[in-house]
Amino acid sequence: MQYISKMVKLSLILALLFLASNSYACPFKLDRELYQGGIAYGKIDEGYDLFLDKKKIPTKNGNFIIGIHRDRKVNALFKAFDNKTKKQINCEIEVKKFKWKIDYVNGVEGEKVTPPKSYFDRIQKEQNLMVNARKALLTNHFPTSFIMPVHGRISSPFGGQRVFNGQPRSPHSGIDIAAKQGTPIKAIEDGKVMLAYDEMFFSGKIIVIDHGFYVNSTYAHLSKINVKKGDTVKKGDIIGEVGSTGRSTGPHLHITINIFGVNVDPLKVLKD
Ligand SMILES: [Zn+2]
């Protein structure tokens, strides 16, 4: 008899534990499935802090935006920290894989594959400028929608990779939009100009705009820049003109969208 009552107690405890574990449902929702190179908007209940890969995700009235790395191999493990109970809830969300385009190009001139050593210092300096320009965080503005900066054929998609003479290059960090020299370029969303630079080795004339909540956009190979560092821009403002400066083979706009240090596919973000 005693044995049976012990069993009943034990199963009751197990049932309660089961219920308790289930009551810790994820306190947030995402508006879409997660893909490599993709984005998602989310909304979290009040009183929680949300972390992904140990980084705290900034929220505004519970709203947030996240980007998923092109090469992310593992699922997204979110940690939601309840500020009241001090409890942490782990939420694992599947990241779907994408097959990126890889082109093998042989017989390319050596100098075009690897820049000469004399340019290394300059390239390093320019990379540091980019890193700093993308550190900003405008807490007062939450970016909600983004417009196409230029209309045209997508001449090179996001994430594609070229292998020159057997040496893999960095995957394409954004998209290329083919357009005529001098075509006006629009700011894709409200923001602040973090960098307006005339002569980058790879990118030529370049602009970086911070849109808040660690979302920023980069516009490269411009023929003309209409803004300067520190300027505030509105969505649709003409910030420059399409060109072919830097390492470019013809007029086009290269645009990169970076969310919290992760480049995402601009076509998943830009709507028009
Ligand atoms: Zn490009």
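Source: prediction; values computed, not measured.

(A) Up close: the sheet that holds strand 6 (residues 63-67). Reading across the sheet, the 3 strands line up as 1-3-6 and stay open at both edges, with antiparallel pairing between neighbours. Unpaired on one side and paired on the other, strand 1 (28-30) and strand 6 mark the two borders of the sheet. Averaged over all pairs of adjacent strands, the angle between strand axes in this sheet comes to 25°, irrespective of strand direction. Sheet topology places strand 3 (residues 39-44) next to strand 6; 5 bridges connect them, and they run antiparallel. What sits directly across from Lys43, in strand 6, is Asn63.

(B) Structural context of the domain arrangement of the protein chain. Partitioning the protein chain into domains gives domain 1 (23-96) and domain 2 (131-158 + 172-268). Summarising the inter-unit geometry, the C-alpha centres of domain 1 and domain 2 are found 27 Å apart. Domain 1 puts 13 residues into the contact, and the matching count from domain 2 is 14 residues. The residue makeup of the side of domain 1 that touches domain 2, split by class, is 5 nonpolar, 5 polar and 3 charged.

(C) Expanded view of the sheet that holds strand 19 (residues 224-225). Strand order in this open sheet of 3 strands is 15-21-19, and the pairing throughout is antiparallel. Of all the strands in the sheet, just strand 15 (184-186) and strand 19 have a single pairing partner and so form its edges. Bridge count between strand 19 and strand 21 (residues 238-241): 2 bridges; the pairing is antiparallel. Note on strand 21: the bridge partner recorded for Ile225 is Gly240.

Basis of the calculations
- Residues numbered from 1 in each chain as written.
- Predicted model: local features only at pLDDT ≥ 70, side-chain atom pairs only at ≥ 80, totals over all residues.
- Pairing = 2+ DSSP bridges.
- Helix = DSSP H or I, 4+ residues; strand = E, 2+ residues; numbered from the N terminus.
- Axes fitted to C-alpha atoms, helices over the stretch in contact; angles between N-to-C directions.
- Domains from an automatic or database assignment.
- Contact = placed C-beta atoms within 7 Å.
- Nonpolar A, V, L, I, M, F, W, Y, C, P; charged D, E, K, R; others polar.

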